[in-house]
Amino acid sequence: MFQLKNIRLHKILHIPDLIIEGNRITCITGESGGGKTTLLKLLNRMKTPDAGTITYLGQPLESYDPVQLRRQVVMMAQDSLVFPGSIRENLLIGLRFSEKPGVSDDVLKSMMEMVKLRKTLDEDPSNLSGGEKQRLALGRVLLMYPEVLLLDEPSSSLDEETESLVISRITDYVHKRGKTLVMVTHSKALAESIGGDHITFENGSPKPMPGGA
Ligand SMILES: Nc1ncnc2c1ncn2[C@@H]1O[C@H](COP(=O)(O)OP(=O)(O)OP(=O)(O)O)[C@@H](O)[C@H]1O
Ligand SMILES: [Mg+2]
């Protein structure tokens, strides 16, 4: 799905050759500051490499219109953003930004159930806990049903039980719909338990893990 060749970005990343397969889950682990977030940002063109090429579905990334690309390749940031407005508006804002049609309250409620957010749609999300804000952000990107989901530590603020429930729902969603997931996680155990590909970053370069791609 993505192929990266001879990528350099300042002194942050050096990726000689990396393939991220479609219809699969790829987990990325590695030390803090190792370049994981930067890699996700390269994949939806929020950052541009200084050198090298990235292709998506066989075409150079820069040949895509950025708006069209970000409809297909959607990133959930590491800091869960909350926008002004209700929970309903927060869930719908991803669809609005990407100019996709809205959905009914029933659809929003079932998404809240999927990410285990037990709140009402009219509530103000500014007082949600860190983990609730994370699940709100997750609901927002899952509602967009993108071809590729880039999730940057989507369960970092969740307790163990909620984490395993939410992650298993995300992996089901990806497998059932034939989507592609690239997920950064600090947990090697979580990356290994998912059973997809696993890449670990050291000093800005990827090292495939045994049992991975
Ligand atoms: N815009 C920027 N300008 C200069 N340096 C940057 C920029 N963005 C990130 N960096 C640096 O690039 C390195 C990699 O950052 P990145 O956020 O990709 O790390 P990470 O692996 O996601 O870390 P963490 O696990 O802490 O989230 C860090 O040393 C960071 O300080
Ligand atoms: Mg990061």
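Cut-offs used in this document
- Residues numbered from 1 in each chain as written.
- Chains lettered and ligands numbered in written order.
- Predicted model: local features only at pLDDT ≥ 70, side-chain atom pairs only at ≥ 80, totals over all residues.
- Helix = DSSP H or I, 4+ residues; strand = E, 2+ residues; numbered from the N terminus.
- Rg over C-alpha atoms; globule rule 2.2 N^0.38 Å.
- Buried ≥ 20, exposed ≤ 12 C-beta atoms within 10 Å, placed from the backbone.
- Contact = placed C-beta atoms within 7 Å.
- Core = buried A, V, L, I, M, F, W, Y, C linked by C-beta atoms within 7 Å.
- Near = placed C-beta within 6 Å.
- Nonpolar A, V, L, I, M, F, W, Y, C, P; charged D, E, K, R; others polar.
- Pairing = 2+ DSSP bridges.

## Regarding the overall build of the chain
Here's step 1: Regarding its fold elements, the chain presents 7 helices and 10 strands.
Here's step 2: On C-alpha atoms alone, the chain measures out to a radius of gyration of 17 Å, which is about the 17 Å that the 2.2 N^0.38 rule sets for 213 residues.
Here's step 3: Overall, the chain is about 50 × 35 × 30 Å in size when its C-alpha atoms are taken along their principal axes.
Here's step 4: Expressed as a percentage of its 213 residues, the buried residues of the chain come to 37%.
Here's step 5: If you take every contact in the chain between residues at least 6 apart in sequence, the share linking residues at least 24 apart comes to 73%.

## Things to note about the nonpolar core
Here's step 1: Formed by 48 residues in total, the largest nonpolar core has its most connected members in Leu43, Leu150 and Val182.
Here's step 2: Not counting residues up to four positions away in its chain, the partners in contact with Val182 are Ile20, Thr26, Ile28, Leu40, Leu43, Val148 and Leu150.

## Some points on the site of ligand 1
Here's step 1: Every residue lining ligand 1 is accounted for by Ile12, Gly30, Ser32, Gly33, Gly34, Gly35, Lys36, Thr37, Thr38 and Gln78.
Here's step 2: The leading source of residues in the shell around ligand 1 is helix 1 (residues 36-43), at 3 residues.
Here's step 3: Here the shell around ligand 1 is composed, by residue class, of 1 nonpolar, 8 polar and 1 charged.

## Notes on the pairing of strand 2 (residues 13-20)
Here's step 1: Bridge count for strand 1 (residues 2-9) against strand 2 is 7 bridges, and the pairing is antiparallel. Directly across from Ile7, in strand 2, lies its bridge partner Ile15.
Here's step 2: The turn joining strand 1 and strand 2, which pair antiparallel and follow one another in sequence, is formed by 3 residues; a positive phi near 40 degrees is taken by His10.

## Observations regarding unusual backbone geometry
Here's step 1: Positive phi is not limited to glycine here, since Glu99 has a value of about 55 degrees.
Here's step 2: Secondary-structure assignment places Glu99 in the loop between helix 3 (87-97) and helix 4 (105-114).
Here's step 3: We note that Glu153 has phi near 50 degrees; this positive angle belongs to a residue other than glycine.
Here's step 4: Relative to the helices and strands, Glu153 is located in the loop between strand 7 (148-152) and helix 6 (160-177).
Here's step 5: Of the residues examined, Glu153 has 20 C-beta atoms within 10 Å and is grouped as buried.

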